[in-house]
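These are the residues of each chain, in order.
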Amino acid sequence: MDIATFAFAALYQFADAFAFLVLSACGLAVIFGMMGVINLAHGEFIMCGAYVTATAVHAGLPLPLAILTGAVVSAVVGMLVEFVVVRHLYERPLDTIVATWGLSLISTQGTLIVIGSTMAGVGTPFGSFQVGAYSYSIYRIVLFLAALGVLGGLYALFNWTSFGVKARATIQVPHMADALGVDTRWIYSLTFACGAGLAGLAGGLYAPTMTLVPTMGATFLMEAFVTVVIGGADVFLGTAPAAAVLAVVKSAMTSWQGQLFGQIGLLVAVIIVVRVLPKGISGFLLRERT
């Protein structure tokens, strides 16, 4: 393999890992990073988006509209979950772990009973291209661009819109926002729905690349949590740099020794970063600013 081919392969693998980490983590970063809710049902929102996307494609919708449908349905389900369950636990954050874990088990087993152990998948679109002796999927590049688009869209939503300003005020100083006339319950509900919708979007985007089974959310959950944890409290300063660092480690270790070593390298990197930067990457960046 010549240098140019090797460099392209390394860059492609980094982009693939980065896209997976960002798309997996963004919904969790909004719910956990901004609201402090430890959502162990995050993987099931991803599964919901994937299943709805596949169902919509089989019903005749084009893939982009099917993915959007999966994200919207997940957001609506998320709003319902926030209204029925999570809303009553904001003052008891540890109880959200048990509640969302229970929802995760119910969702997984319910899907297994109602739909079955697997669901007909969606073909990967766009085909592939050749570089040297190796073939690469075009759709993986689309996923990388989608990850960048999601990061940009989140930044614009929470910094340049009225909802974003109210959401940040509600999360940071809820009693002051309430005193100024902001409907904080509605803001919490919409923010949770936003996180669930982003999870559904991730599931829809990855539906063409995966086997659709009720436990597929577990594939995303671990990497989403480690990305959010080392990113720190600030969603916008932390998620992208954390995903970039972990993507370098994961792609390098995977290329060297395979998928298992990629996962091991990921966890070792998390342990090191948390030990050196206890407040995460965003905490370090904010400290450097001041």
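Residue positions are given per chain, counting from 1 as you read along its sequence in written order. The predicted nature of this model means local features are confined to residues of pLDDT at least 70 and side-chain atom pairs, given and counted, to a pLDDT of 80 or more, with totals for whole chains, interfaces and linings taken over all residues. Only hydrogens and water are set aside when side-chain values are computed; all heavy atoms of the structure are taken into account.

Those residues carrying the UniProt feature "transmembrane region" (unreviewed entry) are residues 17-38, 45-61, 67-86, 98-118, 138-158, 186-206, 226-248 and 260-277 in this numbering. The span residues 45-61 is 82% helix and 0% strand, and its two end C-alpha atoms sit 21 Å from each other. Secondary structure elements follow DSSP: runs of H or I no shorter than four residues count as helices, runs of E no shorter than two count as strands, and numbering proceeds from the N terminus. Secondary structure over residues 98-118 splits into 81% helix and 0% strand, and the C-alpha atoms at its two ends are 27 Å apart. UniProt positions are given in the numbering used here, feature names are shortened, and annotations may be inferred rather than shown by experiment.

In plain terms, two cysteine sulfur atoms within 2.5 Å form what is called a disulfide here. Counted by the stated rule, this structure contains zero disulfides. Looking at the unpaired Cys48, the closest cysteine sulfur is the one in Cys194, lying at 15 Å. No disulfide involves Cys194; its nearest neighbouring cysteine sulfur is the one of Cys26, lying 9.4 Å away. Exposed residues in this analysis have more than 50% of their type's maximum accessible area, buried residues have under 20%, and partly exposed residues fall in between, with area computed by a 1.4 Å probe over protein chains only. Under the relative-accessibility criterion, Cys194 is labelled buried at 17%.

Among buried residues, those of type Ala, Val, Leu, Ile, Met, Phe, Trp, Tyr and Cys that are joined through side-chain atoms within 4.5 Å constitute a nonpolar core. Core analysis: the biggest nonpolar cluster contains 68 residues, and Leu154, Phe192, Leu212 and Leu246 have the highest contact counts within it. Of all elements in the fold, only α1 (3-35), α2 (42-58), α3 (63-84), α5 (138-160), α8 (184-206), α9 (217-231), α10 (235-257) and α11 (259-276) reach the threshold of two or more residues within this core. It is α1 that provides the largest number of residues to this core, a total of 15 residues. When residues no more than four places from it in sequence are discounted, the contact partners of Phe192 are Ile31, Met35, Val37, Asn39, Phe45, Gly78, Val81, Glu82 and Val86. By definition, residues are in contact when any of their heavy atoms lie within 4.5 Å.

Put simply, side chains in a regular strand alternate between the two faces of the sheet. Sheet topology note: the strand β1 (residues 128-131)/strand β2 (residues 134-137) ladder contains four bridges and is antiparallel. Across the sheet, residue Phe129 finds its bridge partner in β2, namely Tyr136. Note on pairing: two strands pair once DSSP finds at least 2 bridges between them. What sits between the antiparallel neighbours β1 and β2 is a turn of two residues, in which Gly132 has the positive phi angle 65°.

Two aromatic rings, drawn from Phe, Tyr or Trp (for Trp, its six-membered ring), form a pair once their centres lie within 6.5 Å of each other, and the interplanar angle then sorts them: stacked below 30 degrees, edge-to-face above 60, tilted otherwise. Inspection of the entire model under this criterion finds 16 aromatic pairs. Centre to centre, the rings of Phe8 and Phe129 are 5.9 Å apart; their planes meet at 75°, and the pair counts as edge-to-face. Linking Phe8 in helix α1 with Phe129 in strand β1, this pair joins segments that are 121 residues apart in sequence. Note on Phe8: relative accessible area 26%, which makes it partly exposed. Pairing Phe32 with Phe225 gives two aromatic rings, centres 6.4 Å apart and planes at 55°, and the pair type is tilted. With Phe32 in helix α1 and Phe225 in helix α9, this residue pair connects regions lying 193 residues apart in the sequence. Judged by its relative accessible area of 17%, Phe225 is buried.

On to α9. Between the first and last residue of a helix there are one fewer steps than residues, each counted as 1.5 Å, and that sum is the expected span. Across its 15 residues, α9 extends 21 Å between first and last C-alpha, which sits within 8% of the 21 Å expected from 1.5 Å per residue. Extensive coverage of α9 is indicated by the burial of eleven of its 15 residues. Those residues of α9 lying buried are Gly217, Phe220, Leu221, Glu223, Ala224, Phe225, Val226, Thr227, Val228, Ile230 and Gly231. Trailing α9 by a residue or two, Gly232 shows a phi angle of about 95°, which is positive.

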